[in-house]
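Structural features, examined
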Amino acid sequence: MFFRVWSPAQGVGVFIHCGRWPEDPDLWWAQVIAMLPDGQLLVDRSWGRAPDDRGPATGNLRVVCVEPLRRWRLTFDGAGERTDLAKMTAGPSGAGPARAFAFDIDIEAAAPVWDMHGVLGIHDLSWAALHHTQGFRAVGSLRAGADSWDIQGVAARDHSSGPRDVSRLGGLHFFVVVFPESGRVANGLVNWRTDGTVDHRVFTVFDATGAETGEELRCTGLQDFRTHEPQRISLRMNRRARPFDLEAERLHGYTLTFLSPNENINGVALDSQNDALVITQSTVRVTTPDGDVGYGVFERDYRPSQLPSPEER
């Protein structure tokens, strides 16, 4: 499971990535990151057992499903390594000098679930048998040391299940963007295998007219995982009535590593596995052709052997 919250006015947010340990499914692991002003990050990794079946928990992290498919509560009380993007790309993160942080955030659905398996008929994403995503509105609070911020913004959630093995995954582009004023939510995915063959190219836009799904999607690629360049990004969707071209600007983010078959590392761990899959997750501010402004996450995952690759995919 994945949750990502961004509060535009405060310029802060949080990231949660958690799952069951394959050798002991009752044991949860979690990556938790606080995105603070001026590009600062607090990074934590933990393991623990949930007290019930309402969601993951590791002791300092608790994720609770309040109302299925509509509302969740995200709480954390712990600490994380003080770091930034440059330090995260130099090696694994999470065990250095730390700063206490905590958050208590409620998220409520801004659109229906984007069910890539049940609705779109996608059965094999190279990393999961089932996958869905959803856009949310978020309210709550974040505290780091003596500093605190009110959270008033947007969030995204995704959920994968089934055996997870990223060894066949060459890379992907993935985004969820929520537009607070209009209520639009845009989702998109392009993923390819290690030989470069595209598996899936799909998007869905939820708005006042309903939901529209298409397959003509192109997203700006990645020049360098150390800087997330290009930091000005195009998300081009060909809707039935007209092209829907979104221009995005990177605001914040971090870099992670997936080791095969399924080990999730904060920071870059290229010494651990040859040509490991490097994850860049960028918070983006997105503008539509009609001037609507949204915020969300744009993920670009590449193996270093594929870079630089800034062209659209």
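Counting of residues starts from 1 at the beginning of each chain's written sequence and follows it residue by residue. Per-residue local features of the predicted model are confined to residues with pLDDT of at least 70, and side-chain atom pairs are confined, for both listing and counting, to 80 or more; whole-chain, interface and lining totals are unaffected and use all residues. Working from all heavy atoms in the structure, the side-chain values ignore hydrogens and water.

1. Some words on the overall build of the chain
Note the cut-off: Put simply, DSSP marks the helices as runs of H or I at least four residues long and the strands as runs of E at least two long, and each gets a number from the N terminus on. The reference for a compact globule is 2.2 Å times residues^0.38; the radius of gyration itself is calculated from the C-alpha atoms. Each residue is assigned to one of three classes by its accessible area relative to the maximum for its type, calculated with a 1.4 Å probe on protein chains only: buried under 20%, partly exposed between the two thresholds, exposed over 50%. What makes two residues a contact is simply this: any of their non-hydrogen atoms within 4.5 Å. Computed with the Shrake-Rupley method and a 1.4 Å probe, the accessible areas treat only the protein chains shown as cover for residues. The convention is simple: Lys and Arg are positive, Asp and Glu are negative, and His and the chain ends are not counted. Lys charges are placed at NZ, Arg charges at CZ, Asp charges at CG and Glu charges at CD.
Secondary structure summary: the chain contains one helix and 20 strands in total. Since a compact globule built from 313 residues should have a radius of gyration of about 20 Å, the 18 Å found for the chain is in line with a globular shape. Taking the principal axes of the C-alpha coordinates as reference, the chain spans close to 50 × 45 × 35 Å. Among the 313 residues that make up the chain, the fraction classed as buried is 55%. Within the chain, counting contacts between residues at least 6 apart in sequence, those at least 24 apart form 59% of the total. Surface summary for the chain: the accessible area is close to 12800 Å², and the carbon and sulfur share equals 48%. Side-chain charges of the chain comprise 32 positive and 41 negative groups, with the mean position of each set lying 2 Å from the other.

2. Quick word on empty space enclosed by the protein
To be explicit about the condition: Definitions used throughout: a 1 Å grid over protein atoms alone; a cavity as a set of points that fits a 1.4 Å probe which cannot get out; a pocket as an open set with protein on both sides within 12 Å along at least five of seven lines; a lining residue as one with an atom within 4 Å of a point. Grid points are joined across faces, edges and corners, and a volume is the space filled by probe spheres set on the points. Charged means Asp, Glu, Lys or Arg here, nonpolar means Ala, Val, Leu, Ile, Met, Phe, Trp, Tyr, Cys or Pro, and polar covers whatever is left, Gly included.
Summed over all chains, the structure comprises two cavities of 30 Å³ or more. Around the largest cavity, the lining residues are Arg4, Val5, Trp6, Val154, Ala155, Ala156, Val176, Val177, Val178, Tyr295, Gly296 and Val297. Among the elements of the structure, strand E1 (2-7), strand E10 (147-161), strand E11 (169-178) and strand E20 (293-302) are those that each provide at least two residues to the lining of the largest cavity. Classifying every residue of the lining of the largest cavity gives 10 nonpolar, one polar and one charged.

3. Considerations on the nonpolar core
Under the convention used in this document: Take the buried Ala, Val, Leu, Ile, Met, Phe, Trp, Tyr and Cys residues and link them wherever side-chain atoms come within 4.5 Å; each set so joined is a nonpolar core.
Core analysis: the biggest nonpolar cluster contains 35 residues, and Ile33, Trp127, Leu189 and Tyr254 have the highest contact counts within it. No other element matches E11, which puts five residues into this core. Setting aside its immediate chain neighbours within four residues, Tyr254 contacts Arg4, Phe15, Ile33, Met35, Leu41, Leu85, Met88, His228, Ile279, Thr280 and Gln281. Of all hydrophobic cores here, the second largest spans 30 residues; its members include Ala30, Cys65, Phe136 and Trp149.

4. Here we look at the packing of aromatic side chains
Basically, it comes down to this: Two rings from Phe, Tyr or Trp (for Trp, the six-membered ring) form a pair when their centres sit within 6.5 Å of each other. Planes less than 30 degrees apart are called stacked, planes more than 60 degrees apart edge-to-face, and all others tilted. Charge-over-ring contacts are defined here by two conditions on Lys NZ or Arg CZ: a distance within 6 Å of the ring centre and an angle within 35 degrees of the ring normal.
Under the defined criterion, the tally for this structure stands at eight aromatic pairs. Measuring from ring centre to ring centre gives 4.8 Å for Phe15 and Tyr254, while their planes differ by 40°; the resulting arrangement is tilted. Residue Phe15 is located in strand E2 (residues 12-21), and its partner Tyr254 is located in strand E17 (residues 243-259); the two are separated by 239 residues in the primary sequence. For the residue pair Phe15 and Tyr254, the accessibility class agrees, reading buried in each case. When the centroid spacing of 4.5 Å and the interplanar angle of 25° are considered together, the rings of Phe76 and Phe101 count as stacked. Pair noted here: Phe76 is in strand E6 (residues 71-83) and Phe101 is in strand E7 (residues 98-109), with a separation of 25 residues, a long-range link. Cation over ring: Arg239 sits above Phe244, and NZ or CZ is 5.4 Å from the ring centre.

5. Describing the pairing of strand E5 (residues 61-67)
Let me state the cut-off plainly: A pair of strands counts as paired when DSSP detects no fewer than two bridges linking them.
Examined bridge by bridge, E5 and E6 share six bridges and lie antiparallel to one another. Note that in E6 the partner of Arg62 across the bridge is Thr75. Counting the residues in the hairpin turn of E5 and E6 gives three residues, including Leu69, whose phi is positive at 70°.

6. Here we look at the side chain of Asp84
Selection criterion: Salt bridges are defined by distance alone: a side-chain nitrogen of Lys or Arg within 4 Å of a carboxyl oxygen of Asp or Glu. Here a polar contact is taken to be a pair of N or O atoms separated by no more than 3.5 Å, where protein atoms must pair a possible hydrogen donor with a possible acceptor and residues adjacent in sequence count only if both atoms sit in side chains.
Mapping Asp84 onto the fold places it in the loop between E6 and helix H1 (85-88). Although Asp84 lies buried, it forms no salt bridge, and the closest oppositely charged side chain, Lys87, sits 4.9 Å away as judged by the N-O distance. A polar atom in the side chain of Asp84 sits 2.9 Å from the backbone nitrogen of Lys87. Those residues in contact with Asp84 that sit more than four places away from it in its chain are Gly39, Gln40 and Leu41.

7. Focus: the layout of surface pockets
Looking at the largest pocket, its volume works out to about 880 Å³. Contributing to the lining of the largest pocket are 45 residues, with Met1, Cys18, Gly19, His159 and Ser160 lying nearest its centre. Looking at the lining of the largest pocket, the elements that each hand over two or more residues are E2, strand E3 (24-35), E10, E11, E17, strand E19 (277-287) and E20. Among the elements that take part in the lining of the largest pocket, E2 stands out by supplying six residues, more than any other. Split into classes, the residues belonging to the lining of the largest pocket amount to 24 nonpolar, 11 polar and 10 charged.

8. Section: the environment of Thr287
You can see Thr287 is positioned in strand E19. The class for Thr287 is partly exposed, based on a relative accessible area of 27%. Setting aside its immediate chain neighbours within four residues, Thr287 contacts Asp245, Leu246, Glu247, Asp292 and Val293.

9. Quick word on the pairing of E20
The buried fraction of E20 amounts to nine of the 10 residues, a majority that puts the element mostly inside the structure. As paired elements, E11 and E20 share eight bridges and run antiparallel to each other. From the neighbouring strand, Val178 faces E20, where its bridge partner is Tyr295. Summarising the sheet, E19 and E20 pair through 10 bridges and their orientation is antiparallel.

Note that every value here comes from positions in space, so none of it alone points to a role or purpose.
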